[in-house]
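Descriptive analysis of the structure
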Amino acid sequence: METACATLRKGSSDLYVMIRLLGYVNPSDPSFVAAVLTITFNPLFWNVVARWEQKTRRLSKAFGSPYLACYALGGAILLLNLVRSHCFTQAMLSQPKMESLDNAGAYRVGLVLLGVGALFVLTSFSALGFTGTFLGDYFGILKEARVTTFPFSVLDNPMYWGSTANYLGWAIMHASPTGLLLTAIVAIVYVVAVLYEEPFTAEIYRQKAAKSHKRS
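A word on the packing of aromatic side chains. What characterises a pair of aromatic rings is the spacing of the ring centres plus the angle enclosed by the ring planes. Taken as a whole and judged by the stated rule, the model has 9 aromatic pairs. Members of the aromatic cluster, each reached through a chain of ring pairs, are Tyr71, Phe125, Phe130 and Phe134. Sitting over the ring of Tyr196, Arg51 keeps its end group 3.9 Å from the ring centre. Above the face of the Phe200 ring, Arg51 is positioned so that its terminal group lies 3.9 Å from the ring centre.

In this section: the packing of helix α4 (residues 66-93) against helix α6 (residues 158-173). Here α4 crosses α6 at 25 degrees, and the two axes come no closer than 11 Å. Taken as axis vectors, α4 and α6 run roughly parallel relative to one another. In the packing of α4 onto α6, the handedness of the crossing is right-handed. When α4 is examined against α6, the residues Asn81, Arg84, Ser85, Phe88, Thr89 and Met92 are found in contact with a partner set consisting of Ser163, Tyr167, Trp170 and Ala171.

With that settled, the discussion passes to the pattern of salt bridges. Evaluation of the coordinates by the stated rule reveals 1 salt bridge. Residue Arg57 pairs with Glu53 through a salt bridge whose shortest N-O separation is 3.9 Å.

Right, let's talk about the side chain of Ser124 for a bit. With respect to the helices, strands and loops of the structure, Ser124 is situated in helix α5 (residues 104-133). Note on Ser124: relative accessible area 0%, which makes it buried. Separated by 2.6 Å, the side chain of Ser124 and the backbone oxygen of Phe120 make a polar contact. Residues within four places of Ser124 in sequence aside, it is in contact with Thr133, Pro151, Phe152, Pro158 and Met159.

Here we come to α5. Taking 1.5 Å per residue, 30 residues should reach 44 Å; α5 reaches only 35 Å between its end C-alpha atoms and comes up short. At Ala127, α5 shows its maximal bend, which comes to roughly 75 degrees. Taken together, the buried residues of α5 touch α4 and α6. With a side-chain oxygen lying 3.1 Å from the backbone nitrogen of Gly105, the N-terminal cap of α5 falls on Asn103.

What follows deals with the nonpolar core. If you look at the biggest cluster of nonpolar residues, it comprises 41 residues, and the most contacted ones within it are Ile39, Leu135, Tyr138, Phe139 and Leu182. Elements represented by at least two residues in this core include exactly α2 (30-56), α4, α6 and α7 (177-215). Sorting elements by how many residues they give to this core places α7 first, with 11 residues. Ignoring any residue separated from it by four or fewer positions in sequence, one finds Tyr138 in contact with Asn47, Ala50, Arg51, Glu53, Gln54, Arg57, Glu197, Phe200, Thr201 and Ile204.

An α-helix turns once every 3.6 residues. As a result, residues three or four positions apart point the same way. Taking 1.5 Å of rise per residue, the 16 residues of α6 would be expected to cover 22 Å, and the 22 Å separating its terminal C-alpha atoms lies within 8% of that figure. Those residues of α6 that sit buried are Pro158, Tyr160, Gly162, Ser163, Thr164, Ala165, Tyr167, Gly169, Ala171, Ile172 and Met173. The positive-phi residue at the C-terminal boundary of α6 is Ala175, with phi of around 50 degrees.

Parameters at a glance
- Residues numbered from 1 in each chain as written.
- Predicted model: local features only at pLDDT ≥ 70, side-chain atom pairs only at ≥ 80, totals over all residues.
- Heavy atoms only, no water.
- Phe/Tyr/Trp six-rings, centres within 6.5 Å; stacked < 30°, edge-to-face > 60°.
- Lys NZ or Arg CZ within 6 Å of the ring centre and 35° of its normal.
- Axes fitted to C-alpha atoms, helices over the stretch in contact; angles between N-to-C directions.
- Helix = DSSP H or I, 4+ residues; strand = E, 2+ residues; numbered from the N terminus.
- Parallel < 35°, antiparallel > 145°, perpendicular 65-115°, else oblique.
- Left-handed = near helix turned anticlockwise from the far one by under 90°.
- Contact = heavy atoms within 4.5 Å.
- Salt bridge = Lys/Arg side-chain N within 4 Å of Asp/Glu carboxyl O.
- Buried < 20%, exposed > 50% of the residue type's maximum accessible area, 1.4 Å probe, protein only.
- Polar contact = N/O pair within 3.5 Å; in protein donor to acceptor, adjacent residues only side chain to side chain.
- Expected span 1.5 Å × (residues − 1).
- Bend = angle between axes of the 7 residues up to and from the residue.
- Core = buried A, V, L, I, M, F, W, Y, C linked by side-chain atoms within 4.5 Å.

In structure tokens form, the structure reads like this:
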């Protein structure tokens, strides 16, 4: 009974926070709509293109090399992420701030989150390299073994969660309820992307292991 009551109170608290945030947000604002569209489009784009490449090798053939094709896709993803970040910032700036977040303490919290997020993103890139970061395994550019060094030793999918922490920190630094809501959308989209990507990537490496076993 006590557990049920605690769960109910937590649910009511979460609902109150969400309603309060929505009170600051105009979802029909063009900049907000643009931010939502870029947040949802980017992972859809790179997953669709990468799976298409894995099945057809069309990009590798067009560029004459799987490495060049992967670099091209990586460049497109970086450009799309810059557009997403711009739209995210414009959406925040076009809508009201939350007074309770507009203070030095909250700003410092946001700065810390931004630093932690940047650490996870940069160390993930360092551990994976360019092709490992930008879906090289879909191009047949496979690593010999699963990466287990930091930050993968402390967190699954650190690139995604580092990016989410960046957006959360940025939103708090701007005292932006719109930014907080958009960060929640970023997190949800990444959760869906992980559920979509991980089984497929695992199957690629399972097939690699099976081929290696047959050769031996």
